Amino acid sequence: MTRKTRRLWLVIACVACLGAAAALMLKAFSSDIVFFVTPSQVAASAPPADRTVRLGGMVVAGSVKREKRGETPIARFDVTDGQAAVTVRYEGILPDLFREGQSVVAVGTMHKDGFVASEVLAKHDETYMPKEVAEALKKSGKWDPRFGPPPSAASWNSMTVQDAKKGLPASDAPAPPAPAGN
């Protein structure tokens, strides 16, 4: 072998090793990525059962059911983004700040009978809302932060951004004006 040929094989071997290392790193990172989904996205197309995702939204008022299996507390509750709701099952102690009508992010997997959470994260004060939850509420037209704090979860099914701008309950909101003709 000439020097040039040896050098070429050395460069090829180095490039192959670097390519293999990059491929292994990308594979490791892709298995650790946890996507954020909203209940309406889950209703449209549920993530695969083996995929861990973060489900974010507001806890539906009156939906929290607590039970015990042996010494393990089990909680079932619904999470909504104003468009759809997903039932969440969590085994363990819920955070102290977990409440109905508050924003929550549940980390877990989707199953036939609902979402099974391995971790539940609750908001930490009255002004905090996870960025993804706030974006989902804005996108669904249920909240515009320019007009105050988010509406209560009970009013989401009937409230629109126009109602929030006027500060009126959805039932008292006047119909939008008809377009002016020339």
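Each remark here, short or long, concerns the structure printed above.
Residues numbered from 1 in each chain as written. Predicted model: local features only at pLDDT ≥ 70, side-chain atom pairs only at ≥ 80, totals over all residues. Heavy atoms only, no water.

## Here we look at the pairing of strand 4 (residues 72-80)
Remark: a regular strand shows side chains that alternate across the two faces of the sheet.
Okay, so step 1: Taken together, the 2 bridges between strand 2 (residues 53-59) and strand 4 define a ladder with antiparallel strand orientation. Counted as the bridge partner of Met58 is Thr80 from strand 4.
Okay, so step 2: Looking at chain direction, strand 3 (residues 65-69) and strand 4 are connected through 5 bridges and run antiparallel. Looking at the pairing, Lys68 lines up with Pro73 of strand 4. (Pairing = 2+ DSSP bridges. Helix = DSSP H or I, 4+ residues; strand = E, 2+ residues; numbered from the N terminus.)

## Notes on a nonpolar patch on the surface
Okay, so step 1: A cluster of nonpolar side chains, contributed by Met1, Leu8, Trp9 and Ile12, occupies part of the molecular surface with about 480 Å² of accessible area.
Okay, so step 2: Looking at the secondary structure, you find Met1 in the segment before helix 1 (3-32). (Patch = residues over 30% accessible without salt bridge, like charges linked within 9 Å, V, L, I, M, F, W, Y side chains within 5 Å. Areas by Shrake-Rupley, 256 points an atom, 1.4 Å probe, with all protein chains shown as cover. Salt bridge = Lys/Arg side-chain N within 4 Å of Asp/Glu carboxyl O.)

## Some remarks on the nonpolar core
Okay, so step 1: Judged by nonpolar contacts, the single largest core of 20 residues is most densely connected at Leu55, Phe77, Val88, Phe98, Phe115 and Val120.
Okay, so step 2: Listing elements by their share of this core, those giving two or more residues are strand 2, strand 4, strand 5 (85-91), strand 6 (103-111) and strand 7 (114-122).
Okay, so step 3: Each residue touching Phe115, except ones within four places of it in the same chain, is listed here: Val53, Leu55, Val86, Thr87, Val88, Arg89, Ala106, Val107, Gly108, Thr109 and Met110. (Core = buried A, V, L, I, M, F, W, Y, C linked by side-chain atoms within 4.5 Å. Buried < 20%, exposed > 50% of the residue type's maximum accessible area, 1.4 Å probe, protein only. Contact = heavy atoms within 4.5 Å.)

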